[in-house]
Amino acid sequence: MPEQSFLPGFEAAPRPTDRLFFAIYPDAAAAAQIARLAQQLRAEHGLQGKPLKPERFHVTLHHLGDYAGLPQDLVAAACGAAASVAAAPFDVTFDRVASFTSAPRNRPFVLRGDDGLAPLAAFQQSLGEALKKTVLGRWAKPGFTPHVTLLYDDRSVPAQAVTPVSWTAREFVLVHSLMGQTLHVPLARWPLHA
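Below: a short report on this structure. Please read all numbers here as calculations on a predicted model, not as lab measurements.

**Points about the overall build of the protein**
Reasoning step 1: Scanning the protein for helices and strands turns up three helices and eight strands.
Reasoning step 2: Element order for the protein, N to C, with α for helix and β for strand: β-α-β-α-β-β-α-β-β-β-β.
Reasoning step 3: Oriented by its inertia axes, the alpha-carbon framework of the protein measures out at about 60 × 50 × 25 Å.
Reasoning step 4: Residues classed as buried in the protein amount to 41% of the 194 residues present.
Reasoning step 5: Pairs at least 24 apart in sequence give 79% of the contacts found in the protein among residues at least 6 apart.
Reasoning step 6: Split by element, the accessible area of the protein, about 10,800 Å² in all, is 55% carbon and sulfur.
Reasoning step 7: Computed over 18 positive and 16 negative side-chain charges, the inter-centroid distance for the protein is 2 Å.

What follows is the structure in structure tokens.
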């Protein structure tokens, strides 16, 4: 097969290596409970996917894009938006699990919830309003499906109730994810104050 030539000025865009997002992490006790639940459900449903490490369990509030390199101007804009948000600590409760079925393979198997996530949804909206005032406004999406990914698997598991997992959110974090390396690096944290 002949080698493909490239026209000057039409080179492929660099492959993204860095992801930015805002997240809320469970406290250590809740993360340990989530890890036990993931192992239990994996065995019950015969799933092959490996559960995430407890330190990677989180709720994504806003995805801020994937980039080739860490864009410091966008990090600064995200930090400015986050610093403008004032909120009190709030409780988070997840009480069911299900697979997201949008992909045919490698489906996220996640913790979900309903009433126990209203304060989380309100906070996500407040942060989104702050983002809309910056160059990151396009990432402030109105739809929000709060979840904690437990693992990825090709099998689909229907929704089912589980023993509730709860914690009090006391901070939110700007996270730098090194794509393909399963590594999350906190760039900045903002405490929630009463």
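Having seen the structure, we can now continue with the description.
**Describing helix H2 (residues 72–83)**
Reasoning step 1: Helix length check: H2, at twelve residues, gives a terminal C-alpha distance of 16 Å against a target of 16 Å (1.5 Å per residue), a fit within 8%.
Reasoning step 2: Of the positions making up H2, those classed as buried are Leu74, Val75, Ala77, Ala78, Ala81 and Ala82. Each buried residue of H2 sits inside an arc of 160° when the element is viewed along its axis, so together they form one side. Facing away from the buried side of H2 by over 90 degrees, the exposed positions are Gln72, Asp73 and Ala83.
Reasoning step 3: Contacts from the buried residues of H2 go to strand S1 (18–24), strand S2 (59–67), helix H3 (118–132), strand S7 (171–178) and strand S8 (183–191).

**Notes on the layout of surface pockets**
Reasoning step 1: Approximately 840 Å³ is the volume attributed to the largest pocket.
Reasoning step 2: Looking at the largest pocket, it is lined by 30 residues, and the ones nearest its centre are Leu52, Arg56, His58, Tyr152 and His184.
Reasoning step 3: Secondary structure elements with two or more residues in the lining of the largest pocket: S1, S2, strand S5 (148–153), S7 and S8.
Reasoning step 4: Partitioning the lining of the largest pocket into residue classes produces 14 nonpolar, ten polar and six charged.

**Brief notes about the packing of aromatic side chains**
Reasoning step 1: If you walk through the whole model with that rule in mind, you get six aromatic pairs.
Reasoning step 2: Look at phenylalanine 94 and tryptophan 167: their rings are 5.8 Å apart centre to centre, the planes differ by 25°, and that puts the pair in the stacked class. One end of the pair, phenylalanine 94, is in strand S3 (residues 90–99); the other, tryptophan 167, is in strand S6 (residues 160–169), and 73 residues separate them in sequence.
Reasoning step 3: The class of phenylalanine 94 is buried, set by a relative accessible area of 0%.
Reasoning step 4: Residue class for tryptophan 167 comes out buried when judged on its relative accessible area of 4%.
Reasoning step 5: The structure contains a cluster of three or more aromatic residues connected by ring pairs, namely Phe22, Phe90, Phe123, Phe172 and Trp190.

**Let's talk about unusual backbone geometry**
Among all residues save glycine, negative phi is the norm, and among peptide bonds the norm is trans.
Reasoning step 1: Positive phi values are uncommon outside glycine, yet asparagine 106 reaches one of about 55°.
Reasoning step 2: By the element assignment, asparagine 106 lies in the loop between S3 and strand S4 (107–112).
Reasoning step 3: Under the relative-accessibility criterion, asparagine 106 is labelled partly exposed at 47%.

**Some thoughts on the environment of proline 51**
Reasoning step 1: Here proline 51 is to be found in the loop between helix H1 (28–45) and S2.
Reasoning step 2: In this structure the C-alpha to C-alpha distance between proline 51 and leucine 117, which are 66 residues apart in sequence, comes to 23 Å.
Reasoning step 3: Among residues more than four places away in sequence, those in contact with proline 51 are Ala38, Gln39, Arg42, Leu150 and Leu151.

The rules behind each value
Once a new chain begins, its residue numbering starts again from 1 and follows that chain's sequence as written. This being a predicted model, a pLDDT of at least 70 is required before a residue's local features are given, and a value of 80 or more before pairs of side-chain atoms are given or counted; all residues contribute to the totals for chains, interfaces and linings. Hydrogens are left out, water is left out, and the side-chain values use all remaining heavy atoms of the structure. Elements are defined by DSSP. Helices are runs of H or I of four residues or more, strands are runs of E of two residues or more, and each kind is numbered from the N terminus. Accessible area is worked out with a 1.4 Å probe on protein chains only. A residue is then buried under 20% of its type maximum, exposed over 50%, and partly exposed in between. Contacts are assigned to residue pairs with any non-hydrogen atoms lying within 4.5 Å of each other. A 1.4 Å probe and the Shrake-Rupley method give the accessible areas. Residues count as covered only by the protein chains that appear here. Charged residues are defined narrowly, with Lys and Arg counted positive, Asp and Glu counted negative, and His plus the chain ends left uncounted. Each charge is placed at NZ for Lys, CZ for Arg, CG for Asp and CD for Glu. Any helix carries an expected span of 1.5 Å times its number of residues minus one. Think of it as the arc spanned by the lines of direction from the helix axis to the C-beta atoms. Each cavity reported here is a set of points on a 1 Å grid over the protein atoms alone in which a 1.4 Å probe fits but cannot get out, each pocket an open set with protein on both sides within 12 Å along at least five of seven lines, and each lining residue one with an atom within 4 Å of a point. Grid points are joined across faces, edges and corners, and a volume is the space filled by probe spheres set on the points. When residue character is reported, Ala, Val, Leu, Ile, Met, Phe, Trp, Tyr, Cys and Pro are called nonpolar, Asp, Glu, Lys and Arg charged, and the others, Gly included, polar. Each Phe, Tyr or Trp ring (for Trp, its six-membered ring) is paired with any other whose centre lies within 6.5 Å, and the angle between the two planes then decides the class: stacked below 30 degrees, edge-to-face above 60, tilted in between.

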